[in-house]
Amino acid sequence: MWLVANGLIFFLFDKNYLNITILMQDKITIAIQKSGRLYDKSVELLKECGIRFNTYGNRLKAEATNFPCEILFLRVSDIPAYVEDGVVDIGIIGENVHIEKNKFIDVVDYLGFSKCRVSLAVPREADYGGLEYFQGKKVATSYPHTLKSFFEKKNIQAEVHLINGSVEIAPSIGLADAVCDIVSTGSTLLSNGLKEVETILKSQAVIVANQNLSPDKRALLNKLMFRVKAYKKAKHTKYILMNAPNDKLDEITAIIPGMKSPTILPLAEEGWSSVHSVINEDDFWDIIDQLQEKGAGGILIVPIEKMIV
Ligand SMILES: Nc1ncnc2c1ncn2[C@@H]1O[C@H](COP(=O)(O)OP(=O)(O)OP(=O)(O)O)[C@@H](O)[C@H]1O
Ligand SMILES: O=P(O)(O)OC[C@H]1O[C@H](OP(=O)(O)OP(=O)(O)O)[C@H](O)[C@@H]1O
Ligand SMILES: [Mg+2]
């Protein structure tokens, strides 16, 4: 009895020890935006990478249930410093913020969403003849570092005035002569009586990482990046199926070589085949035109979920 009890105590102790080692196993901390322009796409990306976590309520932290990682929901502007300090291991931010914050962190990948530019804009009626226009002017911006180094490089002496939001209103209320802010469609500039005159940088969402990740964390990052690449590749690639005359198969194969070569299956109708391949979304219309010229018909385009090459 005593021995059994002792054995049980030992067993329990052993289990606790195991739990502690499981808790101590390295996991990676990922910071994404709490709310705003990057939030939806960041969550979508992680979920498409098979990482399951809850996003309900005002949670600032979520534990993934099937991947050793924790997700923190933060302001984008805070993420570069956290990544540099190692408070978080990786983050999803706009490249514009990476450039502005100028931290010692690595850009691991470009994600292709939240595309925008940081541009200089002046009142619509201004007689803009080039960068010299900005000599001695006051420019409002949320990107002071980016703007100051741009002006320095171009030898422009201008006053850079920091505003954290609604920058485009500055000229109309007499706060500044011009602005430097994010432009995407240009509608905010237009509705505030401004015109874009110089693009300082182009931006998209990026994954950034701490420069001194432990080997375990680096391995987890590589695992994640493998999935990100498969997702990105699939997003830009479509599966294509068509019926093609047999005497044109060589030419059609040259147009849609696919990952290795197209799959060609005979149709029930004599002299025809079904051809399957993958194409890049950007080349879509060009390829369709060429295929039709070669007599292909019944063309179907199907989205691809994931793509491992
Ligand atoms: N109009 C836009 N079109 C496309 N991308 C944009 C646009 N505005 C901002 N972005 C991108 O999304 C990022 C986040 O912008 P958002 O306005 O959601 O947050 P913020 O207020 O700048 O940052 P924070 O999360 O620190 O409060 C920007 O840094 C930029 O990369
Ligand atoms: O060229 P557009 O398509 O009009 O986009 C540009 C606007 O988008 C961003 O603001 P956002 O809407 O994110 O508001 P915020 O200033 O409150 O962040 C940015 O600061 C511009 O004001
Ligand atoms: Mg914004």
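Rules and cut-offs
Residues numbered from 1 in each chain as written. Chains lettered and ligands numbered in written order. Predicted model: local features only at pLDDT ≥ 70, side-chain atom pairs only at ≥ 80, totals over all residues. UniProt positions renumbered as here; feature names shortened; annotations may be inferred. Helix = DSSP H or I, 4+ residues; strand = E, 2+ residues; numbered from the N terminus. Buried ≥ 20, exposed ≤ 12 C-beta atoms within 10 Å, placed from the backbone. Contact = placed C-beta atoms within 7 Å. Pairing = 2+ DSSP bridges. Axes fitted to C-alpha atoms, helices over the stretch in contact; angles between N-to-C directions. Near = placed C-beta within 6 Å. Nonpolar A, V, L, I, M, F, W, Y, C, P; charged D, E, K, R; others polar. Domains from an automatic or database assignment. Core = buried A, V, L, I, M, F, W, Y, C linked by C-beta atoms within 7 Å. Expected span 1.5 Å × (residues − 1). Arc of directions from axis to C-beta.

The name given to the chain in an unreviewed UniProt entry is ATP phosphoribosyltransferase, and the organism recorded there is Microscilla marina ATCC 23134. Per UniProt, the chain has the following entry under Function (unreviewed entry): "Catalyzes the condensation of ATP and 5-phosphoribose 1-diphosphate to form N'-(5'-phosphoribosyl)-ATP (PR-ATP). Has a crucial role in the pathway because the rate of histidine biosynthesis seems to be controlled primarily by regulation of HisG enzymatic activity."

Novice: Looking at this structure, I do not really get the overall build of the chain. What am I missing?
Specialist: When you go through the chain residue by residue, the secondary structure sums to nine helices and 15 strands. Viewed in the frame of its principal axes, the chain has a C-alpha envelope of about 85 × 80 × 35 Å. Counting the 309 residues in the chain, one finds 28% classified as buried. Across the chain, contacts joining residues at least 24 apart in sequence account for 67% of those joining residues at least 6 apart.

Novice: How should the UniProt feature "domain: ATP phosphoribosyltransferase catalytic" (unreviewed entry) in the chain be read in this particular structure?
Specialist: The UniProt record annotates "domain: ATP phosphoribosyltransferase catalytic" (unreviewed entry) at residues 75–229. Along residues 75–229 one finds 29% helix and 30% strand; the C-alpha atoms at either end are 25 Å apart.

Novice: In this structure, what is going on with the sheet that holds strand E8 (residues 159–162)? I would like to understand it.
Specialist: On the basis of which strands lie adjacent, the open sheet formed by five strands has the order E8-E7-E9-E6-E10 and mixed pairing. The two strands at the open ends of the sheet, each matched to only one other strand, are E8 and strand E10 (194–203). Going from strand to strand, the sheet's axes swing by 25° on average, the running direction of each strand aside.

Novice: What's the story with the site of ligand 1 in this structure? I'm lost.
Specialist: Taken together, 15 residues sit near ligand 1, with Gly 36, Arg 37, Arg 75, Gly 94 and Ser 184 positioned nearest. Of the residues contributing to the shell around ligand 1, the split by class is five nonpolar, eight polar and two charged. Counting residues domain by domain, the shell around ligand 1 receives three or more from each of domain 1 (2–114 + 205–234) and domain 2 (120–203).

Novice: Which parts of the structure should I look at to understand the environment of Pro 144?
Specialist: Mapped onto the secondary structure, Pro 144 falls in helix H5 (residues 144–154). Pro 144 sits 36 residues away from Cys 180 along the chain, and the two C-alpha atoms are 8.8 Å apart. Leave out the neighbours within four places in its chain, and Pro 144 touches Val 160 and Leu 162.

Novice: Looking at this structure, I do not really get the environment of Ile 79. What am I missing?
Specialist: Examined against the element boundaries, Ile 79 turns out to sit in helix H3 (residues 79–85). Ile 79 sits 15 residues away from Gly 94 along the chain, and the two C-alpha atoms are 10 Å apart. The residues touching Ile 79, leaving out its near neighbours within four places in the chain, are Ala 31, Leu 74, Gly 91 and Ile 93.

Novice: Looking at this model, I keep getting lost on the site of ligand 2. Mind explaining?
Specialist: The environment of ligand 2 is made up of Arg 37, Gly 165, Glu 168, Asp 181, Ile 182, Val 183, Ser 184, Thr 185, Gly 186, Ser 187 and Thr 188. Those elements that provide at least two residues to the shell around ligand 2 are strand E9 (178–183) and helix H6 (187–191). Here the shell around ligand 2 gets three residues from one element, more than from any other, and that element is E9. In the shell around ligand 2, the residues fall into two nonpolar, six polar and three charged.

Novice: Explain the pairing of strand E4 (residues 90–94) here, please?
Specialist: Regular strands show a simple pattern: their side chains alternate between the two faces of the sheet. Among the five residues that make up E4, five are buried, leaving the element largely enclosed by the rest of the structure. Alternating residues of E4 divide into Ile 90, Ile 92 and Gly 94 and Gly 91 and Ile 93, and every residue in both groups is buried. Relative to E4, strand E1 (residues 28–33) runs parallel, the two being bridged by two bridges. Bridge pairing links Ile 30 to Ile 90 in E4.

Novice: Please clarify how the pairing of E8 should be interpreted in this entry.
Specialist: With four bridges joining them, strand E7 (residues 138–141) and E8 adopt parallel strand pairing. Considered in E8, the bridge of Lys 138 is made with Glu 159.

Novice: When you look at unusual backbone geometry in this model, what are you seeing that I'm missing?
Specialist: Among all residues except glycine, the phi angle is most often negative; among peptide bonds, the trans geometry is most common. If you check the backbone angles, Asn 102 has positive phi at about 55° while not being a glycine. Positionally, Asn 102 belongs in the loop between helix H4 (95–101) and strand E5 (106–110). Residue class for Asn 102 comes out exposed when judged on the 12 C-beta atoms lying within 10 Å of it. The phi dihedral of Ser 166 is positive, around 50°, even though this residue is not glycine. Within the secondary structure, Ser 166 sits in the loop between E8 and E9.

Novice: Teacher, can you tell me more about the nonpolar core here?
Specialist: Side chains of a nonpolar character, in soluble globular proteins, are inclined to be buried together. Counting residues in hydrophobic clusters, the biggest one holds 30 residues, and the most contacted among them are Ile 30, Val 83, Ile 90, Ile 93, Ile 207, Val 208 and Ala 209. Listed by contribution, the elements that provide at least two residues to this core are E1, helix H2 (39–48), strand E3 (69–74), H3, E4, strand E11 (205–209) and helix H7 (215–235). The biggest single contributor to this core is E11, with five residues. Leaving out residues up to four positions away in the same chain, Ile 207 has contacts with Ile 90, Ile 92, Val 108, Asp 109 and Leu 111.

Novice: Explain H7 here, please?
Specialist: Because an α-helix packs 3.6 residues into every turn, residues spaced three or four apart end up facing the same way. Given a rise of 1.5 Å per residue, 21 residues ought to cover 30 Å, and the 30 Å separating the end C-alpha atoms of H7 matches this to within 8%. Within the span of H7, buried status applies to Lys 217, Leu 220, Leu 221, Leu 224 and Tyr 231. All buried residues of H7 fall inside an arc of 100° around its axis, so they share one side. Those residues of H7 that are exposed and aimed more than 90 degrees away from the buried face are Pro 215, Asn 222 and Phe 226. Turning to H7, the residues buried within the fold contact E1, H2, E3, E4 and E11.

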